[in-house]
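Read off the chains here:
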Amino acid sequence: MSNTKFDELLTNLKTGKWNLLYFITSSAWLFLIPPQNLSGAYVAPNIGFKCRPPQSLNVTISEDSCSYRVNTSSEEIEYPCTKWDYDTSVFSTTLTSEFDLVCDREYLRATYQGIKMVGGFVSPMVGGYLADRFGRKIVVVFNLVIFAICSTCMSFLYNLYVILAFRFIVGFVDMPVFYALTLEICEVKFRSLVGVLTALPWAFGTMAWGGIAYFVRDWRTLQLVASFPNLLILPALYFIDESPRWLITKGQHDKAVRVLKKAARWNDAKLPPEAELRALMQDIEEEAKNECESSKDAASSSATSTVRKKLKGFLSRPLLCSTRKITLITAIMCVDYFIAATVFYGLSLNGTNFSADPFIYMILIGVMEIPAYTITAPAIQKFGRKKTSVFGFTVSGVAILALAFISKDVGWLIMTFASLGKMLISVAFQTIYIYVNELLPTVVRGEGLGIAFIASKMGSVIAPYITEYLGPFVPWMPSIIFGGGALLAGFLTMFLPETKGKPLPDTISDLEGKKMRKRRDDHEEGAEEETKLNS
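Residue positions are given per chain, counting from 1 as you read along its sequence in written order. The model is predicted, so local features are restricted to residues of pLDDT at least 70 and side-chain atom pairs to those at 80 or more, both for listing and for counting; the totals for chains, interfaces and linings are taken over all residues. Calculated side-chain values reflect all of the structure's heavy atoms, with hydrogen atoms and water omitted.

J.: Explain a nonpolar patch on the surface here, please?
T.: Residues enter patches when they are more than 30% accessible in relative terms and free of salt bridges; like-charged ones are connected within 9 Å and nonpolar ones (Val, Leu, Ile, Met, Phe, Trp, Tyr) within 5 Å. Using the Shrake-Rupley algorithm and a 1.4 Å probe, accessible areas are obtained, with residue cover drawn only from the displayed protein chains. Note on definitions: salt bridges are taken to be side-chain nitrogens of Lys or Arg within 4 Å of carboxyl oxygens of Asp or Glu. A cluster of nonpolar side chains, Leu328, Leu488, Phe491, Met494 and Phe495, forms an exposed patch at the surface whose accessible area comes to about 480 Å². Residue placement: Met494 occurs in the loop between helix H24 (477-493) and helix H25 (508-512). Under the scheme used here, helices are H or I runs from DSSP no shorter than 4 residues and strands are E runs no shorter than 2 residues, and both carry numbers assigned from the N terminus.

Given below as structure tokens:
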């Protein structure tokens, strides 16, 4: 297989300075993403405010400070409040106070947080297409340049809707291509380790975001401090090469040879003679093309067969709903991804409701992600995907539900349960990512993951409205929604089959067990015949 041949080539190249450059640069990038993803917690927080009515001798301010009543000798007239005084004991300036995001404009606080997630709806799919079409490096450079410029420029904008537009762009260019590039040039034996280690910068970035916000209380300065370091990554991109795997499969062998020679020089390794190397590249390119054509033919054949059997008129059921089993997996997968993202981001953004100190809260939930990312791999190896994800969802749900019944006076207990919930939802989130890849057959794996991704993005968009819009009015409601949702996901996941130690299904028939049972029966019959012959 082409993947195997290229992996053998990576093994010959060893792991050294060339690989570390990718790992360190992508880790720095991942470290700087949380301040943008979670910026609403400090840039547009829920803060106290009081209506500032025009000077009058007889004015009564409503309880919610959104209106005031002027009492005259004959009647009482109510007017909407247009100016407010804001509590500056925690934050000196915020988007909330600068643009009066209160009362009938309250939803704009949640919109500020959610619009980045809206921008991220299609970014991975677009990024994947562009990376396959034009190369990994050019997409990475484009992403980082636009991300750095737009996030930094927001500090100098004075129109709220322009700020929201820039925030949308930041979400749109937040494509995971750099992560994929880092794994593509990684030696096989280190690939799973690198996959885990590149998740840790997110946790450290979350912790750093809470620490920086503690010292910088002006939103413009805070946005600048959190965004400017993105510009410092750009010079490192000059030294990063295009993925040699992509260059080979696209027939750009001369460039691939140059990249591999540089990698061998940096890693102090030896490559095969150039003639042998080029022959190997030709084999890899041809096998990659054959595999691609075979996959397309198989998917097309499977889809055509399904259409012929299922179509009546012009309506058809998609492959992901073609059998009862694949339909069940698809439905539960979407619910799991939606709930995991909703709870994950909901807990991250709910510091004002779950803690008297939003800065310590952000640092703690970042700390709790570190063990979550490090224990997931050994847990799924020992207990399996199903048990690990069910455990993560269920215990997280119980911990979050408990928050609805704990008095705010017991702050340490609220922080403990919130941190526990965040750690275990992180475990569940990471587990179902692996789990779904193993559940879905090859012919629909890409389509299924795309639907799951859309479901998770929907959850991340909805989360800020629950925390920032609903939370201030009904403080215990976010805990009920997040905790109940996690319990529901844990319950539904119990209906999925375990995938530990089982071969990946290629077709829906494999998933149903028909072909796999036939293969197993044929293998057993062959073994019996061989035993008889030997005896």
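J.: Just to check I follow, could you spell out helix H9 (residues 160-172) for this structure?
T.: Every α-helix winds through 3.6 residues per turn, so residues three or four apart in the chain are directed the same way. Between its first and last C-alpha atoms H9 spans 18 Å; for 13 residues at 1.5 Å apiece the expected length is 18 Å, and the two agree. The set of residues buried in H9 consists of Leu160, Ile163, Leu164, Arg167, Val170 and Gly171. Projected down its long axis, H9 shows its buried positions confined to an angular sector of 115 degrees, all on one face. Here a polar contact is taken to be a pair of N or O atoms separated by no more than 3.5 Å, where protein atoms must pair a possible hydrogen donor with a possible acceptor and residues adjacent in sequence count only if both atoms sit in side chains. Looking at where H9 begins, the residue whose side-chain oxygen comes 2.9 Å from the main-chain nitrogen of Tyr161 is Asn159. To estimate how far a helix should extend, the number of its residues minus one is multiplied by 1.5 Å. Think of it in three bands: with a 1.4 Å probe and only protein chains considered, a residue is buried below 20% of the maximum accessible area for its type, exposed above 50%, and partly exposed in between. It is the directions from the helix axis to the C-beta atoms whose arc is reported.

J.: Before we go on, may I ask you to explain unusual backbone geometry in this structure?
T.: Glycine aside, residues mostly have negative phi angles, and peptide bonds mostly take the trans form. One non-glycine residue, Asp100, adopts positive backbone phi at about 50 degrees. Judged by relative accessible area, Asp100 falls into the partly exposed class, the value being 23%. For Cys103, which is not glycine, the phi torsion reads 55 degrees and is therefore positive. Summarising the element assignment, Cys103 is placed in the loop between helix H5 (95-98) and helix H6 (107-119). Overall, the relative accessible area of 19% leaves Cys103 in the buried class.

J.: Would you explain empty space enclosed by the protein in this entry?
T.: If a probe as big as a water molecule is rolled over the atoms, it shows which places are left empty. Cavities and pockets are found on a 1 Å grid laid over the protein atoms alone: a cavity is a set of points where a 1.4 Å probe fits but cannot escape, a pocket is an open set with protein on both sides within 12 Å along at least five of seven lines, and a lining residue has an atom within 4 Å of such a point. Grid points are joined across faces, edges and corners, and a volume is the space filled by probe spheres set on the points. For the structure on display, the rule yields two cavities of 30 Å³ or more. Lining the second largest cavity are Met333, Asp336, Ile432, Tyr435, Val436, Leu439 and Leu496. Listed by contribution, the elements that provide at least two residues to the lining of the second largest cavity are helix H18 (324-349) and helix H22 (411-439). For the lining of the second largest cavity, the leading source of residues is H22, giving four residues. Looking at the lining of the second largest cavity, its residues break down into six nonpolar, no polar and one charged. Under the grouping applied here, Gly and all other residues not named as nonpolar or charged are polar, the nonpolar ones being Ala, Val, Leu, Ile, Met, Phe, Trp, Tyr, Cys and Pro and the charged ones Asp, Glu, Lys and Arg.

J.: Is there a simple way to think about the packing of aromatic side chains in this case?
T.: Two aromatic rings are characterised by how far apart their centres lie and by the angle between their planes. Two aromatic rings, drawn from Phe, Tyr or Trp (for Trp, its six-membered ring), form a pair once their centres lie within 6.5 Å of each other, and the interplanar angle then sorts them: stacked below 30 degrees, edge-to-face above 60, tilted otherwise. According to the stated counting rule, one finds 16 aromatic pairs in the structure shown. Ring geometry for Phe344 and Tyr345: centres 5.4 Å apart, planes at 80 degrees, overall edge-to-face. Side by side, Phe344 and Tyr345 carry an identical accessibility label, which is buried. Between Phe491 and Phe495 the ring centres are 5.3 Å apart and the planes differ by 80 degrees, which places this aromatic pair in the edge-to-face class. Owing to a relative accessible area of 45%, Phe491 belongs among the partly exposed residues under this scheme. The exposure class of Phe495 is partly exposed, given its relative accessible area of 48%. Placement of a positive charge over a ring is assigned whenever Lys NZ or Arg CZ falls within 6 Å of the ring centre and within 35 degrees of the normal to the ring plane. Against the face of Tyr158 rests Arg220, its NZ or CZ located 3.8 Å from the ring centre.

J.: Would you explain the sheet that holds strand S2 (residues 59-61) in this entry?
T.: In a beta sheet, neighbouring strands pair by backbone hydrogen bonds and run either parallel or antiparallel. Read from one edge to the other, the open sheet built from three strands follows the order S2-S3-S4, with strand pairing classed as antiparallel. In this open sheet, the two strands that pair with only one neighbour each are S2 and strand S4 (76-80). Strand-to-strand twist across the sheet, computed as the mean angle between neighbouring axes with direction ignored, equals 25 degrees. By the bridge criterion, five bridges tie strand S3 (residues 67-71) to S4 in an arrangement that is antiparallel. By the bridge assignment, Arg69 is partnered in S4 with Glu78. Two strands are said to pair when DSSP picks up at least two bridges between them. To get an axis, a line is fitted to the C-alpha atoms, and for a helix only the part in contact is used. The angle between two axes follows their N-to-C directions and goes from 0 to 180 degrees.

J.: Can you help me understand H24 in this one?
T.: Under the 1.5 Å per step criterion, the end-to-end length of H24 is 24 Å for 17 residues, consistent within 8% with the ideal 24 Å. Buried residues of H24: Pro478, Ser479, Phe482, Gly483, Gly485, Ala486, Ala489, Gly490, Leu492 and Thr493, and no others.

J.: Hey, could you run me through the nonpolar core in this one?
T.: For soluble globular proteins, the rule of thumb is that nonpolar side chains tend to be buried together. Residues Trp29, Tyr42, Leu95, Ile163, Phe178 and Tyr337 are the most contacted members of the largest nonpolar core, which totals 120 residues. Considering every element that reaches this core, the biggest residue donor is H18, with 14 residues. Not counting residues within four places of it along the chain, the set of residues in contact with Trp29 comprises Leu144, Phe147, Asp174, Met175, Phe178, Asn230 and Ile233. We call a set of buried residues a nonpolar core when its members are Ala, Val, Leu, Ile, Met, Phe, Trp, Tyr or Cys and they connect through side-chain atoms within 4.5 Å of each other. Counting residues in hydrophobic clusters, the runner-up holds five residues, among them Met368, Met423, Leu424 and Val427. Whether two residues are in contact is decided by their heavy atoms, any of which lying within 4.5 Å being enough.

J.: Looking at this structure, how should I read the side chain of Asp174?
T.: As for its placement among the helices and strands, Asp174 is situated in the loop between H9 and helix H10 (177-184). For Asp174, the side chain forms a polar contact with the side chain of Lys116, separated by 3.1 Å. Beyond its immediate sequence surroundings of up to four residues, Asp174 is in contact with Trp29, Ile33, Asn37, Lys116, Ser123 and Phe147.

J.: Can you help me understand the pattern of salt bridges in this one?
T.: Tallied over the full model, the rule gives 13 salt bridges. Here Asp85 makes a salt bridge to Arg52, at a shortest N to O gap of 3.0 Å. Here the residue Asp85 occupies a position in strand S5 (residues 84-86), and Arg52 occupies one in the loop between strand S1 (49-51) and S2, the gap between them amounting to 33 residues. Given the relative accessible area of 39%, Asp85 is considered partly exposed. For Arg109, the salt bridge goes to Glu106, with nearest N and O atoms at 2.6 Å. As far as burial versus exposure is concerned, Arg109 and Glu106 are alike and both buried. Members of the salt-bridge network, linked through shared partners, are Asp254, Lys261, Glu274 and Arg278.

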